[in-house]
Amino acid sequence: METLERILSQHPFFKELGVDYMQLVTGCASNVRFEQDQFVFREGAEANQFYLIREGRVALQLFSPERGHITIETLGEGDILGWSWLIPPYSWHFDAKALDLTRAIALDGKCLRRKCEDDHHLGYELLKRFSHIMGQRLESTRLQLLDLYGVRS
Amino acid sequence: MVPRPYIVKRIRKDTVDTFTLELGPKDGRSHFSSAPGQFNMIYIYGVGEVPISICGDPSNSTLVHTTRAVGSVTKAMSKLRRGDIVGIRGPFGTSWPVEQARTRDVVVVAGGIGLPPLRPALYHLLAHRDAYGKVVLLYGTRTPDDILFKEELENWRARFDLEVFVTVDRGTPGWRGNVGVVTTLITKAGFDPTNTIAMIVGPEVMMRFTALELMKRGVKAEAIYVSMERNMKCGIGLCGHCQFGPLFTCKDGPVFRYDQIKDLLVKWEI
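Residues numbered from 1 in each chain as written. Chains lettered and ligands numbered in written order. Predicted model: local features only at pLDDT ≥ 70, side-chain atom pairs only at ≥ 80, totals over all residues.

### Focus: the sheet that holds strand S3 (residues 49-55) of chain A
Residue and element names in this part refer to chain A.
- The antiparallel open sheet is built from 4 strands, whose spatial order is S1-S8-S3-S6. Sheet topology places strand S1 (29-34) and strand S6 (80-81) at the edges, where each strand pairs with a single neighbour.
- When S1 meets strand S8 (residues 102-108), the two strands line up antiparallel, connected through 6 bridges. Looking across to S8, one finds that Val-32 is bridged to Ala-104.
- Against the sheet, helix H3 (residues 109-118) makes contact with S3 and S8, and its axis sits at roughly 35° relative to S8, the strand it touches most. (Pairing = 2+ DSSP bridges. Helix = DSSP H or I, 4+ residues; strand = E, 2+ residues; numbered from the N terminus. Contact = placed C-beta atoms within 7 Å. Axes fitted to C-alpha atoms, helices over the stretch in contact; angles between N-to-C directions.)

### A word on the nonpolar core
- Counting 47 residues, the largest nonpolar core has Val108(B), Leu138(B), Ala198(B), Met199(B), Ile200(B), Ile224(B) and Tyr225(B) as its most contacted members.
- Taken together, the elements giving at least two residues each to this core come down to strand S7 (105-111), helix H2 (115-127), strand S8 (135-141), strand S11 (196-201), helix H4 (204-217), strand S12 (224-227) and strand S15 (255-257) of chain B.
- Apart from the residues within four sequence positions on either side, Met199(B) is in contact with Trp96(B), Val108(B), Leu118(B), Ala121(B) and Tyr225(B).
- Membership of the second largest hydrophobic core comes to 29 residues, among which are Ala47(A), Ala96(A), Leu99(A) and Val168(B). (Core = buried A, V, L, I, M, F, W, Y, C linked by C-beta atoms within 7 Å. Buried ≥ 20, exposed ≤ 12 C-beta atoms within 10 Å, placed from the backbone.)

### With respect to the interface of chain A and chain B
- Counting residues at the interface gives 19 residues for chain A and 23 residues for chain B.
- Those elements that place two or more of their residues in the side of chain A that touches chain B are strand S5 (68-75) and helix H4 (120-146) of chain A.
- Looking at the side of chain A that touches chain B element by element, the count peaks at 6 residues for S5(A).
- Among the residues making up the side of chain A that touches chain B, the classes are represented as 9 nonpolar, 8 polar and 2 charged. (Nonpolar A, V, L, I, M, F, W, Y, C, P; charged D, E, K, R; others polar.)

### Here's the deal with the domain arrangement of chain B
Residues and elements named next belong to chain B.
- When the domains of chain B are assigned, the result is domain 1 (4-92) and domain 2 (105-227).
- Between the C-alpha centres of domain 1 and domain 2 the distance comes to 24 Å.
- The partner domain 2 presents 13 residues to the 15 residues of domain 1 that form the contact.
- Residues that form the side of domain 1 that touches domain 2 fall into these classes: 5 nonpolar, 7 polar and 3 charged. (Domains from an automatic or database assignment.)

### Brief notes about the packing of H3(A) against H4(A)
All names here are of chain A.
- Direction vectors running N to C along H3 and H4 enclose 125°, while the axes themselves pass 5 Å from each other. Of the possible angle classes, the one that applies to H3 and H4 is oblique. Where H3 approaches H4, its residues Leu-112, Lys-115 and Cys-116 are matched on the opposing element by Leu-122, Gly-123 and Leu-126.
- Along the lines of polarity and charge, the residues of the contact of H3 with H4 split into 4 nonpolar, 1 polar and 1 charged. (Parallel < 35°, antiparallel > 145°, perpendicular 65-115°, else oblique.)

### Here's the deal with the environment of Pro254(B)
Residue and element names in this part refer to chain B.
- Considering the arrangement of structural elements, one finds Pro-254 in the loop between helix H5 (249-252) and S15.
- For Pro-254, a count of 25 C-beta atoms within 10 Å translates into the label buried.
- Here the alpha-carbon distance between Pro-254 and Gln-38, two residues 216 residues apart in the chain, equals 7.3 Å.

### Here's the deal with the sheet that holds strand S10 (residues 178-179) of chain B
All names here are of chain B.
- The strand order across the open sheet built from 7 strands is S10-S9-S8-S7-S11-S12-S15, with neighbouring strands paired in mixed fashion. The sheet is open, and its two borders are formed by S10 and S15, each paired with just one other strand.
- Sheet contacts for H4: S7, S11 and S12; angle to S11, the most-contacted strand, approximately 165°.
- Running at roughly 95° to S15, helix H6 (residues 258-265) makes contact with S12 and S15 of the sheet.

### Focus: the pairing of strand S4 (residues 58-64) of chain A
Residues and elements named next belong to chain A.
- Alignment of S4 against S5, held across 7 bridges, turns out to be antiparallel. The partner of Gln-61 across the bridge, within S5, is Thr-71.
- Count of turn residues in the S4/S5 antiparallel hairpin: 3 residues.
- In this structure, S4 lies alongside strand S7 (residues 95-98), joined through 4 bridges in antiparallel fashion. Across the sheet, residue Val-58 finds its bridge partner in S7, namely Ala-98.

### Focus on H4(A)
- Look at H4(A): 38 Å from first C-alpha to last across 27 residues, which is about the 39 Å you get at 1.5 Å a residue.
- Listed as buried for H4(A) are Leu126(A), Leu143(A) and Gln144(A).
- Check the buried side of H4(A) and you find it contacts H3 of chain A together with H4 of chain B.
- Of the residues trailing H4(A), Asp147(A) is marked for its positive phi of about 50°. (Expected span 1.5 Å × (residues − 1).)

Written out as structure tokens, the structure is:
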């Protein structure tokens, strides 16, 4: 049977984090499951976790009274979901809804925040990893904004 | 250089601004053969001539072209009816490296109207499926309404020997598929980057970022091929309209190996 530590340490996000830190991260991890159409989190709620999606897909959405639920991005197997736990005011800026039955590993952000404050090296390691993801998502968003496939006017 | 008359056998509206023409030789006898990735110059009498990639099955004698109605010629083309006559010159240009790809994994990445030029390559790969490793199609469009060849994509998705991922830049109510740019699909696909040939068609920006993502994953620039579109006129490298640095897109392309043109792609002057 695969242990949480093994799964986490094999994920590219935690690559070369070090055994001690991996044990610490694993201590903050738990398996979670979301049914189809169940919300993983809602906009405005306290952000105290992030997720490593193991199976299924999650849609990041915004609700607009005029247009209903607008999906901005979908994430799937292997993706990291959520960084609002790391940045004040620690509240979600989007809704996240499971599109399929989704299995994930939830990491306790509150616990990790405390540990990052106590150990800045751990904080730096996690920030480096999240900065990389933020950079990728920003690049994707910029490409989406370019509307590349639209007819040139 | 003289256009051959072809008769419109069928015209199909694929999306709000995209359509497919099926053409056959007017004399009913001429045989047309092309390699995946090549294009034809299609002449609408009295209006003009445009380069359009061949998008049908290379083993089928019917000539198929899918394009978007954007300029005066393609708009006139979208109004053709069964039985109308068009002029055809071609096939022109280089083709997808389907022979070099034998025994290797193949990743096909299409953006928007970039899927039609890749379709003949997919037909070839599927017709000779045992000759290749994993075959992956990554397709990104603007919205769910812009997805081309929906029925065919569903059939391909049902195959066990082809991985198909589709994403849209903007979801619409009711869309439960992926939302995000096509480059985000590269990490989802299962292929061996050290033994992969990639074929990309889409807007130049999309092709550049797709190539970058593939290289981040470990695919070498020499194993990445892109299809360019640059104002082709004569189709045989004489007129110079499609000059791309030291290259002519119509004759040296439209399919180029990425490492041979990547520096040219970021030169604004050309």
